[in-house]
Amino acid sequence: MEYKHFSHEHPLNLYRVQAGQQFRCHGCQMICNDSIYACWKCNFFIHEHCGNANRYVKHPSHSLHPLVLVPSPTYCSGSFLCNGCGAPGNAFSYCCPLCEVDLHVHCTYLPPNVNHKAHQHELIINFTMGEQAGNLDQYCKICTKQLSSKNWSYICSSGECDFRVHTYCATSEVKPGLYQDDEPDTQIPAASNPNTSTGACGNQPQQTGLTPEAARAELMQMQLQMQMTQELAQMMASFNLSHLAP
């Protein structure tokens, strides 16, 4: 069967990656090792979990607003810095344009808790260093590189161990569907037989939600409104200060 994803103009086929094959996901820019959605005409490939990612999520790291899935960054630079891992990205992201929060798809769906052979206790995800870190430098217990207080980490769940690691050092696992919102999405249905690159044509599922152009327009409008509000606040502050000056 063929499926339509909002980020690409052509129908996609579900395909099982064979041994020795290598494809890079256009959604997260990472290597695909399992099932992918493919457009062979354009050499466009996305992970199955990237293709099925919800258009909107309520994420515990940013409870103020829902995060919106966009196919490319809305910034003039054409890239973003992930608030989760701190690494740049230039493809799919979950973003809040009002607060300038941006997440890789795989960071958005990191599991809340993991186990790692480097530590005897379960590790839980932590979205902030917190006051306990103080001004002291923190270093990852796995790679020994410095941890940033601006990014997430995994910490010991027991509360008794000073064990803190980078998210990408702790796990490469993703948990699609962890966080959802009540807004409509364009989730791709699962196919029953992903073993061939050319599936039989069928009726495409009716999709709801925003088109890529509408999503970008909505995000740009929100960013413009936020910029105008900030400029108005600065003008009001300057006006008030000028009247207070002797």
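Just above sits the structure.
Small disclaimer: the values here were computed from a predicted structure and weren't measured.

### Details of the pattern of salt bridges
Here the structure, examined in full by the defined rule, presents two salt bridges. Residue Asp34 pairs with Arg16 through a salt bridge whose shortest N-O separation is 2.7 Å. Of the two residues, Asp34 is situated in the loop between β4 (31–32) and β5 (35–39) and Arg16 in strand β2 (residues 12–16); the sequence distance between them amounts to 18 residues. Asp34 sits in the partly exposed class, given a relative accessible area of 46%. Look at Arg16 and you get partly exposed, because its relative accessible area is 30%. In this structure, Glu173 engages Lys175 in a salt bridge whose closest nitrogen and oxygen atoms are separated by 3.4 Å. By relative accessible area, which is 36% here, Glu173 ends up partly exposed. The class of Lys175 is partly exposed, set by a relative accessible area of 36%.

### Section: the side chain of His106
Note that His106 resides in helix α2 (residues 105–108). Beyond its immediate stretch of four places on either side in the chain, His106 contacts Cys28, Met30 and Val174.

### Some remarks on the pairing of strand β7 (residues 56–59)
For β7 and strand β8 (residues 62–70), the ladder comprises three bridges, and the chain directions are antiparallel. Each residue of the ladder has a partner; that of His59, found in β8, is His62. From the end of β7 to the start of β8, which pair antiparallel, there are two residues.

### Digging into the packing of aromatic side chains
Counting across every chain of the model gives nine aromatic pairs. For the pair Tyr15 and Phe23, a centre-to-centre distance of 6.2 Å together with 85° between the ring planes defines the contact as edge-to-face. Residue Tyr15 shares its accessibility class with Phe23, and that shared class is buried. Centre to centre, the rings of Phe23 and Phe45 are 4.6 Å apart; their planes meet at 55°, and the pair counts as tilted. Note that Phe23 is positioned in strand β3 (residues 23–24) and Phe45 in strand β6 (residues 44–47), a separation of 22 residues in sequence. Ring-pair connections join several aromatic residues into one group, and the members of that group are Tyr15, Phe23, Trp40 and Phe45.

Scoring rules and cut-offs
Along each chain, residues carry numbers from 1 onward, in the same order as the chain's sequence is written. Thresholds applied to this predicted model are a pLDDT of at least 70 for local features of residues and 80 or more for the giving and counting of side-chain atom pairs; totals over whole chains, interfaces and linings are not thresholded and use all residues. The side-chain quantities take in all heavy atoms of the structure and omit both hydrogens and water. For this document, the term salt bridge refers to a Lys or Arg side-chain nitrogen within 4 Å of an Asp or Glu carboxyl oxygen. Numbering of helices and strands runs from the N terminus; a helix is a DSSP stretch of H or I covering at least four residues, while a strand is a stretch of E covering at least two. Throughout, exposure labels follow a simple rule: accessible area from a 1.4 Å probe, protein chains only, divided by the maximum for the residue type, with under 20% read as buried, over 50% as exposed, and the rest as partly exposed. Should any heavy atoms of two residues lie within 4.5 Å, those residues are considered in contact. For two strands to pair, DSSP has to find at least two bridges joining them. Between rings of Phe, Tyr and Trp, where Trp is taken as its six-membered ring, a pair exists when centres lie within 6.5 Å; planes separated by under 30 degrees are stacked, by over 60 edge-to-face, and by other angles tilted.

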